[in-house]
Amino acid sequence: MAARTPIVGGNWKMHLDRAGARDLLRELRDELGGIEGVEVVICPPAPWLGDAADALEGTSLQVGAQNAYWLPHGAYTGEVGAAMLIGTARYILVGHSERRHLFGETNEETGRKLAAVLELGLEPILAIGELQAEREAGTTREVLREQLAAAFADVERLPEGFVVAYEPVWAIGTGLTATPEIAQSTIADVRAMVADRYGEVTAEACRIQYGGSVNAGNVTELAAQPDIDGALVGGASLDASAFATICRAVAAAAEGAA
Ligand code: 13P
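Each chain has its residues counted from 1, following the order in which its sequence is written. Note on the predicted model: pLDDT of at least 70 is required for a residue's local features to be given, and 80 or more for side-chain atom pairs to be given and counted; whole-chain, interface and lining totals, by contrast, use all residues. Side-chain measures were taken over the full set of non-hydrogen atoms in the model, leaving aside hydrogen atoms and water.

Things to note about the site of the ligand
Reasoning step 1: Throughout this document, a residue counts as near a molecule or strand when at least one of its heavy atoms sits within 4 Å of that molecule or strand. Neighbouring the ligand are 13 residues; Lys 13, His 96, Gly 173, Ser 213 and Gly 235 lie closest to it.
Reasoning step 2: Any pair of N or O atoms that falls within 3.5 Å is considered a polar contact. Within protein, one atom must be able to donate a hydrogen and the other to accept it, and sequence-neighbouring residues count only if both atoms are side-chain atoms. Within the contact set of the ligand, an oxygen atom lies 2.7 Å away from a backbone nitrogen or oxygen of Ser 213.
Reasoning step 3: Accessible surface is estimated by sampling points in the Shrake-Rupley manner with a 1.4 Å probe; for residues, cover comes only from the protein chains shown. Burial of the ligand by the surrounding chains reaches 95%, relative to a free accessible area of 310 Å².
Reasoning step 4: Polarity classes work like this: nonpolar for Ala, Val, Leu, Ile, Met, Phe, Trp, Tyr, Cys and Pro, charged for Asp, Glu, Lys and Arg, and polar for all others, with Gly in that last group. Split into classes, the residues belonging to the shell around the ligand amount to 4 nonpolar, 7 polar and 2 charged.

Considering the layout of surface pockets
Reasoning step 1: Using only the protein atoms, space was sampled on a 1 Å grid; points where a 1.4 Å probe fits but cannot get out form cavities, open sets with protein on both sides within 12 Å along at least five of seven lines form pockets, and lining residues are those with an atom within 4 Å of a point. Grid points are joined across faces, edges and corners, and a volume is the space filled by probe spheres set on the points. Approximately 730 Å³ is the volume attributed to the largest pocket.
Reasoning step 2: Lining the largest pocket are 28 residues; nearest its centre among them are Ala 46, Gln 66, Asn 67, Arg 99 and Phe 103.
Reasoning step 3: Elements represented by at least two residues in the lining of the largest pocket include exactly α3 (97-102) and α4 (107-119).
Reasoning step 4: In terms of residue class, the lining of the largest pocket is built from 15 nonpolar, 6 polar and 7 charged. Secondary structure elements follow DSSP: runs of H or I no shorter than four residues count as helices, runs of E no shorter than two count as strands, and numbering proceeds from the N terminus.

A short note on the nonpolar core
Reasoning step 1: Formed by 72 residues in total, the largest nonpolar core has its most connected members in Phe 152 and Tyr 210.
Reasoning step 2: Pairs of residues are marked as contacts when any of their non-hydrogen atoms sit within 4.5 Å. When near neighbours in sequence (up to four residues on either side) are disregarded, Phe 152 contacts Leu 114, Leu 126, Leu 158, Phe 162, Val 194, Arg 197 and Tyr 198.
Reasoning step 3: Among buried residues, the Ala, Val, Leu, Ile, Met, Phe, Trp, Tyr and Cys ones that are joined through side-chain atoms within 4.5 Å form a nonpolar core. When accessible area is computed with a 1.4 Å probe and restricted to protein chains, residues below 20% of their type maximum are described as buried, those above 50% as exposed, and intermediate ones as partly exposed. Within the second largest apolar cluster, 10 residues are counted, among which are Tyr 91, Leu 93, Ile 125 and Val 163.

Some points on the sheet that holds strand β1 (residues 7-11)
Reasoning step 1: Any two strands with at least two DSSP bridges between them are considered paired. With respect to topology, 8 strands assemble into a closed barrel ordered β1-β2-β3-β4-β5-β6-β7-β8, the strand pairing being parallel. Neighbour-to-neighbour, the strand axes of the sheet open up by a mean angle of 25°, direction not taken into account.
Reasoning step 2: In the sheet, strand β7 (residues 207-211) pairs with strand β8 (residues 230-233) via 2 bridges, with the strands oriented parallel. For Gly 211, the partnering residue across the bridge sits in β8 and is Leu 232.
Reasoning step 3: Between N-to-C directions, angles span 0 to 180 degrees; the directions come from axes that are lines fitted to C-alpha atoms, helices contributing only their stretch in contact. Of the strands in this sheet, β4 (91-94) and β5 (123-128) touch α4, which is tilted by about 160° from β5.
Reasoning step 4: Sheet strands in contact with helix α10 (residues 240-257) are β1, β2 (39-43) and β8, and its direction is about 165° off that of β1.

Spelled out as structure tokens, the structure:
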């Protein structure tokens, strides 16, 4: 199997005022600035992206945006064009479940965002995941397949190391983490779906994170699964030391598997 560099994202969601964000950025820089063996992406709220870029400059930590619009500019009050993030953010979260379910983002809109981000040469993190009712109804595979098909509609090829975040909606912010077995088998399914669309080589190089109530206590077992290439972390990413523990555990798991 191709060695994949694991990737951990810290999605701060809509938390922290500017002073709190700057404090956390400083702590992250101190704790994780030189980390190796794992890529780390910090996704603060949009107003603090510039602060993040300044604070993390010269470290191995990357800046990510939580969302972006596909058009570069225009009369789109309240939107931030993906093109505007060039030079500030390297990664952009696309299709997070809160965008989909709280703000009505459709599979097709997610596809337009993904295509735009890739065209700009930025790195998307494509988030997909099923609702609890869909898991219970046994339709998880169909839901994920549909989300991926729409996201990939206008994407001819994926760059090496493309990132997908599998986040079961029922595990987000609930404390209900998917078991390592559920996370592993679903992520293996997702990898097979990527292979169906883009071939085995691309799928093997694709990095697939697990997200949903990841914390310092459960990350080691999740990261030990062969198809899980890191984590997308919400709540625990607001605590520098918990987040650092998660990043180190992911790096250690990858080193152990190498
Ligand atoms: P929690 O880690 O708070 O469950 O959030 C997961 C998530 O949505 C990350 O994008």
